[in-house]
Amino acid sequence: MKSVNIRKMTQLAIFIAIELLLYITQIGYIPLPLVNATIMHLPVIVGAILLGPMAGGILGFVFGFTSMLRATFFPTLTSFAFSPFVQAGAQSGSLASLVISFVPRILVGVAAAYSYRGLCRLLHGGRHPETTAAAVAGVVGSLTNTLLVMGGIWLFFGRQYAEAMDVAFEALYITIGTAVVVNGIPEAIVAALLSAVIVRALLSAERRRKRVR
């Protein structure tokens with residue numbers, strides 16, 4: 001049991017290291033006009049699938065922390081929504097910025113882990129249940145990030161965000177919807193494909209390791 005816990009802690013540390021590497025190299029964030037596209041959610045989703053909801057929540061916290069750091073040290077017009085330490089013209093962040101940075105990202109891991117576990121039980125006995133469940137968990141985790149982040153921006157910073165984007169507040173739903181479609185859907189598709197491929201490869205490797213033992 002102790003060796004299993006050490007192994008899981010080691011795996012968790014590896015996923016955290018991958019997140020930090022994606023942040024440091026800036027590969028994890030892709031600047032776009034409305035909001036950053038990201039692949040930072042991928043290690044969160046895969047880690048949550050393999051290690052469970054608690055590990056997924058921890059990985060999501062790290063994701064949120066890197067999001068806040070990026071907004072603070074590499075600010076854009078809308079970075080105030082992700083960091084309380086940013087002021088962009090008349091717009092400034094607040095404690096609500098921490099909610100947007102952290103809560104959706106923590107829930108990415110939790111939602112991915114539970115959706116994967118639930119689907120594995122539901123599809124048990126079918127063909128490649130783990131691969132299918134991983135793909136769906138990738139979509140769930142990715143959309144959790146997109147919808148909760150954009151929803152949080154609407155809820156906490158709607159008027160400030162509209163002013164920063166130079167659109168009327170009444171038309172902000174179009175801007176938010178565009179971001180969900182343009183960023184969120186491609187991110188979800190990529191997350192589904194990569195989660196399925198990576199999880200299947202890692203689980204196969206784990207099974208081979210156990211057979212060798």
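Computed from a prediction, not measured in an experiment: that's the story for all the values here. (Residues numbered from 1 in each chain as written. Predicted model: local features only at pLDDT ≥ 70, side-chain atom pairs only at ≥ 80, totals over all residues. Heavy atoms only, no water.)

Go over the overall build of the protein chain with me, naming the residues and quoting the values.
For the protein chain, the count of helices and strands is six helices and four strands. Ordered by position from the N terminus, the helices and strands of the protein chain form the series α-β-β-α-α-β-β-α-α-α. Taken against the 2.2 N^0.38 rule, which gives 17 Å for 213 residues, the C-alpha radius of gyration of the protein chain at 18 Å falls within 12% of a compact globule. When the backbone C-alpha atoms are referred to their principal axes, the protein chain occupies close to 60 × 30 × 25 Å. Accessible area for the protein chain stands at about 11,100 Å²; split by element, carbon and sulfur atoms hold 71% of it. Here the protein chain contributes 16 positively and 7 negatively charged side chains, and the mean placements of these two sets differ by 22 Å. (Helix = DSSP H or I, 4+ residues; strand = E, 2+ residues; numbered from the N terminus. Rg over C-alpha atoms; globule rule 2.2 N^0.38 Å. Areas by Shrake-Rupley, 256 points an atom, 1.4 Å probe, with all protein chains shown as cover. Lys, Arg positive; Asp, Glu negative; His and termini not counted. Charge placed at Lys NZ, Arg CZ, Asp CG, Glu CD.)

For helix α5 (residues 129-164), give the residues involved together with the corresponding values.
For α5, spanning 36 residues, the distance from its first C-alpha to its last is only 45 Å, which falls clearly below the expected 52 Å at 1.5 Å a residue. At F157, α5 shows its maximal kink, close to 100 degrees. Just beyond α5, the residue with positive phi is D166, at close to 60 degrees. (Expected span 1.5 Å × (residues − 1). Bend = angle between axes of the 7 residues up to and from the residue.)

Please give an account of the packing of aromatic side chains that cites residues and values.
By the definition in use, this model includes three aromatic pairs. Summarising the aromatic geometry, the rings of F80 and F157 are spaced 5.6 Å apart at their centres and angled 75 degrees between planes, so their arrangement reads as edge-to-face. Of the two residues, F80 is situated in the loop between α3 (53-73) and β3 (87-88) and F157 in helix α5; the sequence distance between them amounts to 77 residues. Overall, the relative accessible area of 0% leaves F80 in the buried class. A ring pair is formed by W154 and F169, whose centres lie 6.0 Å apart and whose planes are at 35 degrees; its orientation type is tilted. Of this pair, W154 sits in helix α5 while F169 sits in the loop between α5 and α6 (172-212), and the two are 15 residues apart along the sequence. Here the guanidinium or amino end of R105 rests over the ring plane of F63, the centre of that ring lying 4.5 Å away. Here the guanidinium or amino end of R159 rests over the ring plane of F169, the centre of that ring lying 4.1 Å away. (Phe/Tyr/Trp six-rings, centres within 6.5 Å; stacked < 30°, edge-to-face > 60°. Buried < 20%, exposed > 50% of the residue type's maximum accessible area, 1.4 Å probe, protein only. Lys NZ or Arg CZ within 6 Å of the ring centre and 35° of its normal.)

So what's going on with the side chain of S101? Residues and values would help.
Mapped onto the fold, S101 is located in helix α4 (residues 95-122). When residues no more than four places from it in sequence are discounted, the contact partners of S101 are G64, S67, M68 and F82. (Contact = heavy atoms within 4.5 Å.)

Summarise a nonpolar patch on the surface; cite the residues concerned and give the values.
A cluster of nonpolar residues, V99, V103, L107, L148, W154, L155, F156, Y173 and I174, forms a patch on the protein surface that exposes about 830 Å² of accessible area. For the nonpolar patch, the secondary-structure elements that each account for two or more residues are α4, α5 and α6. Top element by residues in the nonpolar patch is α5. It accounts for four residues. When you line up the elements, L107 lands in helix α4. (Patch = residues over 30% accessible without salt bridge, like charges linked within 9 Å, V, L, I, M, F, W, Y side chains within 5 Å. Salt bridge = Lys/Arg side-chain N within 4 Å of Asp/Glu carboxyl O.)

Explain the side chain of T144 residue by residue, including any values.
Along the polypeptide, T144 turns up in helix α5. Judged by its relative accessible area of 15%, T144 is buried. In this structure the side chain of T144 is engaged in a polar contact, spanning 2.6 Å, whose partner is the backbone oxygen of V140. Residue contacts for T144: discarding those within four places in its chain leaves P104, L107, V108 and A111. (Polar contact = N/O pair within 3.5 Å; in protein donor to acceptor, adjacent residues only side chain to side chain.)

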